[in-house]
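Descriptive structure summary
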Amino acid sequence: MAVKCGIVGLPNVGKSTLFNCISSSKAQAANFPFCTIEPNVGSTVVPDERLNVLTQMCHPKRTIPATVEIVDIAGLVKGASKGEGLGNQFLANIRETDAILHVLRCFDDDNVTHVDGSVDPVRDKGVIDVELQIKDLETVTNRINKVQKQATTGGDKQAKKALEVLLKYKEVLEQGRNAREVVLDSPEERKIAREFCLLTDKPVMYVCNVDEASAATGNAYVEAVKAAVKEEGAQILVISAKIESEISELDDPQEKQMFLEEIGLQESGMVRLIQAAYSLLNLQTFFTAGADECRAWTISKGDKAPKAAGVIHTDFEKGFIRAEVIKYDDYVALKSESACRAAGKLASEGKEYVVEDGDIMHFLFNV
């Protein structure tokens, strides 16, 4: 499954700089509002040392890592939900993403203008929240108008269920709260809700863009953000887009590591961001490994073997017979599939097997 994240925030908070670091693309980053007009779309590999180890062991013809797609859009301003700035265009661009990376400016710099004249990440967060909530309320209201007649007079059971879900969202949004706060009672309601693609229903991670001196420790702005989002249970990532930009220019891995250690970090912000995005979306990785290809595949935690097979090809899920599974640690210790089979470390699993992170899998199917 392809993972897609949208980067949001006010103008001049570091969104495009961050995008360039993540995707190794070259989105325009400048000190004026709306320098990003068309959405920038890039992708980056999911760093996973296990895939490197499997490649060294199998010597495959090709190695394919999992990827994350990143969408960078125009900065939001007050009134975006009504079309101010590039609001409506922006909102359409992130509607299909899986998660939102909300970048907040947590640094002082007189050379970088702020659209509201001062640095206040909690205020900035509130601006974005309100605009997304207003747009979601508009979406919900329009949907209610469409299904209400079908639900009340037409006897359409599906429309009636959709209306019940929509009214739950309407109540919460009208209170100035995010759609993700709505409690849905059943898998059926959650399935209906996904069709609405509500912006504030998506998982969110707050990315605090700090100055270089605060990259390892954070600062008072970060602490203010933590206090503001405490009740949300949201993830917060502290990162210096400026430092990440400098790191991205270095080609030597050892030089990169030395640079990180000098500022008190073990891993780059980009690695931490991608790992945090996986955690935010409750994702995990399984592998296929052999002489032709070593590949990382992304699935949700809790997915069963047939669904994992379907990520490779829909026919694999439809005609699923069984999965042959080797645990990553066993594969590395015994060094080959044949050795794992001989040692009884290859398990034959059926349709109810819940895939675990790091499983090395081979699927048998018939269509």
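Note that the structure is a prediction, hence the values are computed from the model and not measured.

Reading the values: the criteria
Position numbers for residues count from 1 along each chain, tracking the sequence in the order it is written. Per-residue local features are limited, in this predicted model, to residues with pLDDT of at least 70; the limit for side-chain atom pairs, both in listing and counting, is 80 or more; totals at the level of whole chains, interfaces and linings are taken over all residues. As a rule here, side-chain values come from all non-hydrogen atoms in the structure, and water together with hydrogens is ignored. Within this scheme a cavity is a closed region of a 1 Å grid, computed over the protein atoms alone, that accommodates a 1.4 Å probe without allowing it to escape, whereas a pocket is open but has protein on both sides within 12 Å along at least five of seven lines; lining residues each have an atom within 4 Å of a point. Grid points are joined across faces, edges and corners, and a volume is the space filled by probe spheres set on the points. Helix numbering and strand numbering both begin at the N terminus, where a helix is a DSSP run of H or I of at least 4 residues and a strand a DSSP run of E of at least 2. Each residue is assigned to one of three groups, with Ala, Val, Leu, Ile, Met, Phe, Trp, Tyr, Cys and Pro labelled nonpolar, Asp, Glu, Lys and Arg labelled charged, and all others, Gly among them, labelled polar. Grouping buried Ala, Val, Leu, Ile, Met, Phe, Trp, Tyr and Cys residues that are joined through side-chain atoms within 4.5 Å yields what is termed a nonpolar core. Each residue's exposure class comes from its accessible area (1.4 Å probe, protein chains only) as a fraction of the maximum for that residue type: buried when under 20%, exposed when over 50%, partly exposed otherwise. Pairs of residues are marked as contacts when any of their non-hydrogen atoms sit within 4.5 Å. For the purposes of these results, a polar contact is taken to be a pair of N or O atoms within 3.5 Å, where, inside protein, one atom must be able to donate a hydrogen and its partner to accept one; residues adjacent in sequence count only when each atom of the pair is a side-chain atom. What makes a salt bridge here is a side-chain nitrogen of Lys or Arg within 4 Å of a carboxyl oxygen of Asp or Glu, nothing more. Here a strand pair is declared whenever DSSP counts at least two bridges between the two strands. Arc definition: directions from the helix axis to the C-beta atoms.

As for the layout of surface pockets
Approximately 900 Å³ is the volume found for the largest pocket. Lining the largest pocket are 24 residues, with Asp98, Arg190, Arg194, Pro203 and Leu281 sitting closest to its centre. Put simply, the parts of the chain that give the lining of the largest pocket at least two residues each are helix 6 (187-194), strand 9 (293-300) and helix 11 (305-312). Per element, the largest residue contribution to the lining of the largest pocket is 3 residues, and it comes from helix 6. Across the lining of the largest pocket, the residue classes break down as 12 nonpolar, 2 polar and 10 charged. Pro47, Lys256, Ser268, Met270 and Val271 are the residues nearest the centre of the second largest pocket, which is lined by 25 residues in total.

Concerning the nonpolar core
Within the largest apolar cluster, 59 residues are counted, with the highest numbers of intra-cluster contacts made by Cys5, Leu18, Val68, Leu273, Tyr331 and Ile360. Element by element, the count of residues in this core is highest for helix 10 (residues 269-280), at 7 residues. Contacts of Tyr331, omitting those with residues within four sequence positions, involve Leu54, Met57, Cys58, Ala289, Ile326, Ser336, Glu337, Cys340 and Ile360. Counting residues in each nonpolar core, the second largest holds 19 residues, with Ile144, Ala151, Val165 and Tyr169 among its members.

Observations concerning the side chain of Gln284
Position of Gln284 relative to the elements: it lies in strand 8 (residues 283-289). For Gln284, a relative accessible area of 7% puts it in the buried group. A polar side-chain atom of Gln284 sits 2.9 Å from the main-chain carbonyl oxygen of Val355. Among residues more than four places away in sequence, those in contact with Gln284 are Tyr278, Trp297, Thr298, Ile299, Ser300, Lys301, Gly302, Val355, Glu356 and Asp357.

Overview of the pattern of salt bridges
Per the stated rule, a full pass over the model turns up 24 salt bridges. The partner of Glu324 in a salt bridge is Arg341, and the shortest N-O contact between them spans 3.5 Å. Taken together, the residues Glu324 in strand 10 (residues 320-326) and Arg341 in helix 14 (residues 337-342) connect sequence positions 17 residues apart. The class for Glu324 is buried, based on a relative accessible area of 12%. By relative accessible area, which is 43% here, Arg341 ends up partly exposed. Members of the salt-bridge network, linked through shared partners, are Lys161, Glu164, Lys168, Asp185 and Glu189.

Section: the environment of Val367
Its place among the elements puts Val367 in the segment after strand 12 (360-365). Between the C-alpha atoms of Val367 and Ile321, which are 46 residues apart in sequence, the distance is 9.9 Å. Those residues in contact with Val367 that sit more than four places away from it in its chain are Asp315 and Gly319.

Points about the pairing of strand 8
The element strand 8 is extensively covered by neighbouring structure, given that 7 of its 7 residues are classed as buried. Neither face of strand 8 is left uncovered, since the one carrying Leu283, Thr285, Phe287 and Ala289 and the one carrying Gln284, Phe286 and Thr288 both have all their residues buried. Examined bridge by bridge, strand 8 and strand 9 share 7 bridges and lie antiparallel to one another. Within strand 9, the position partnered with Thr288 by the bridge is Arg295. If you look at the hairpin formed by strand 8 and strand 9, you'll find 3 residues sitting between the two strands.

Concerning empty space enclosed by the protein
Throughout the structure, instances matching the rule amount to 1 cavity of 30 Å³ or more. Roughly 60 Å³ of volume is contained in the largest cavity. Contributing to the lining of the largest cavity are Ile100, His102, Asp129, Leu132, Asn178, Arg180, Thr200, Val204 and Tyr206. Among the elements of the structure, strand 5 (99-106), helix 4 (121-152) and strand 6 (204-210) are those that each provide at least two residues to the lining of the largest cavity.

Structural notes on helix 8 (residues 241-248)
Of all the positions in helix 8, only Ala241, Ile243, Glu244 and Ile247 are classed as buried. Burial along helix 8 is one-sided: seen end-on, the buried residues are contained in an arc of 155 degrees. Its buried side turned inward, helix 8 meets helix 1 (15-23), strand 6, strand 7 (235-239), helix 9 (253-262) and helix 10.

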